[in-house]
Amino acid sequence: MIKEKIRILHVAEAAGGVDRYLRVLFKYLDSSRFENILVASQNYNESDYANLNLRFVPFEMAHEIGTGDLSTVLRLRKVIKEYNPDIVYAHSSKAGAIARIANFGLKNNCIYNPHGWAFNMQVSDKKKAVYRIIEKVLAGFCDKIICISPAEKVSALANGICSEKKLNVITNGIDFDEFKLRESTVTRASVGIPDDAFVVGMIGRLSEQKAPDTFVKMASEVRKTIPEAHFVIVGNGNLEDECRELAEKLGISESLHITGWVDNPIDYLRLFDVATLLSRWEGFGLAIAEYMMCHKPVVATDTDAIPYLVDDGRTGILVPVDDYKKTAEAVCRLHDDIGFRERLISDAYEKVVKEFDAKRVAKQHEELFESICFR
């Protein structure tokens, strides 16, 4: 029996992009029709969800697969039974596996959103095979799988994860309200950048996926042609020390600025002259849409979902993964050719406004929730 409101119990373990995705989704879902409960791991801050009209349920969940997962499944099953949702919505690979197993046999509907397939990561072939098997088996434990880009759907079908009928593409979006001009205390001076510097930046974790080491190598190449260039990485991560050591070795430490974790990445983005995303694999690449919205020319890697966002030569420049020299050439071209840079910015802004509105993402979710509950 469907309640007056459709009750959705979201399960999330991975933070970062999933965290941001959820906050924007909750902001725009119609609270008069949908009741949201977020069962979130220790990676999430309850205060971030205080004004989003939902119930926040802290839940301990390890990131890596381990012997404690059976206990986690049983604990989560109790939570699901307690709240009795119409829909269990599992976000990311680990939470997706735990939630789908915990929900097996219960009388509700289940949706899974991998937020980027684990088998597309740069890991060993053995691990990729294991991830594929897990996804194939657990695809039978849910009603629908949401793909955050057309590339994710193509990848699912190519790897035989499930039938096309089970896959729903709801392309990611960004919250346009976040990009309204507001007073900011972030200036070039506050970051330690000269006013006349040419600034190249990236927003993202300092992790293997986002290739910050390639960014640092690119920076060294760019400095050979543009000595006044400075470089900003907005984020933190396990590769921060390695990147600082590499910058020291390459002699560019004074021109590299790593902000660490910040709550206001858009304020730092406004300092960039060129914005990059050099991911080795990518389920969507939300930062690219943010770059476009802020009128920043984009250089990004030609991998996975990114070509769906970046039309090479029209809305940005695509470069091969880990090719820091090609990346440096693209950055230098944007520095030298102002007309080309302005055309990219204009076409990219038009694309993001037309295609990547978070309100559209919420609307498509609402339609999916109602379709599986009232079928």
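Every value quoted in this text rests on a predicted model; they were computed, and no experiment measured them.

Caption draft 1: Looking closely at unusual backbone geometry. At Ser92, a residue that is not glycine, the phi angle is positive and equals roughly 80°. The topology assignment puts Ser92 in the loop between β4 (87–91) and α3 (93–103). The buried category is assigned to Ser92, whose relative accessible area is 5%. A positive phi angle, near 60°, is found at His295, a position not held by glycine. You can see His295 is positioned in the loop between α10 (286–293) and β12 (298–301).

Caption draft 2: Highlighting the pairing of strand β5 (residues 109–113). Counting buried residues along β5, five of its five residues qualify, which places the element largely inside the surrounding structure. Covered by surrounding structure in β5 are Asn109, Ile111 and Asn113 together with Cys110 and Tyr112, the residues of both alternating faces. Here β4 runs beside β5; their pairing, made up of five bridges, is parallel. By the bridge assignment, Ala90 is partnered in β5 with Tyr112. With two bridges joining them, β5 and strand β6 (residues 144–147) adopt parallel strand pairing. Bridge pairing in β6 links Ile111 to Lys144. With respect to chirality, the unit in which β5 leads through helix α4 (residues 125–138) into the neighbouring parallel β6 is right-handed.

Caption draft 3: Quick look at the environment of Val299. Secondary-structure assignment places Val299 in strand β12. The exposure class assigned to Val299 is buried, which follows from its relative accessible area of 0%. Along the chain, Val299 and Gly237 lie 62 residues apart, while their C-alpha atoms are 22 Å from each other. Excluding anything up to four places from it in sequence, Val299 contacts Val274, Ala275, Thr276, Leu277, Leu278, Ile317, Val319, Thr327, Ala330, Val331 and Leu334.

Caption draft 4: Molecular detail of the sheet that holds β12. The parallel open sheet is built from six strands, whose spatial order is β10-β9-β8-β11-β12-β13. Each edge of the open sheet is held by one strand with a lone partner, namely β10 (256–258) and β13 (317–319). Neighbour-to-neighbour, the strand axes of this sheet turn through a mean angle of 20°, independent of strand direction. Looking at chain direction, strand β11 (residues 274–277) and β12 are connected through three bridges and run parallel. When the bridges of β12 are listed, Leu277 appears paired with Ala300.

Parameters and conventions
Residues numbered from 1 in each chain as written. Predicted model: local features only at pLDDT ≥ 70, side-chain atom pairs only at ≥ 80, totals over all residues. Heavy atoms only, no water. Helix = DSSP H or I, 4+ residues; strand = E, 2+ residues; numbered from the N terminus. Buried < 20%, exposed > 50% of the residue type's maximum accessible area, 1.4 Å probe, protein only. Pairing = 2+ DSSP bridges. Right-handed = clockwise from strand over helix to strand, strands pointing away. Contact = heavy atoms within 4.5 Å. Axes fitted to C-alpha atoms, helices over the stretch in contact; angles between N-to-C directions.

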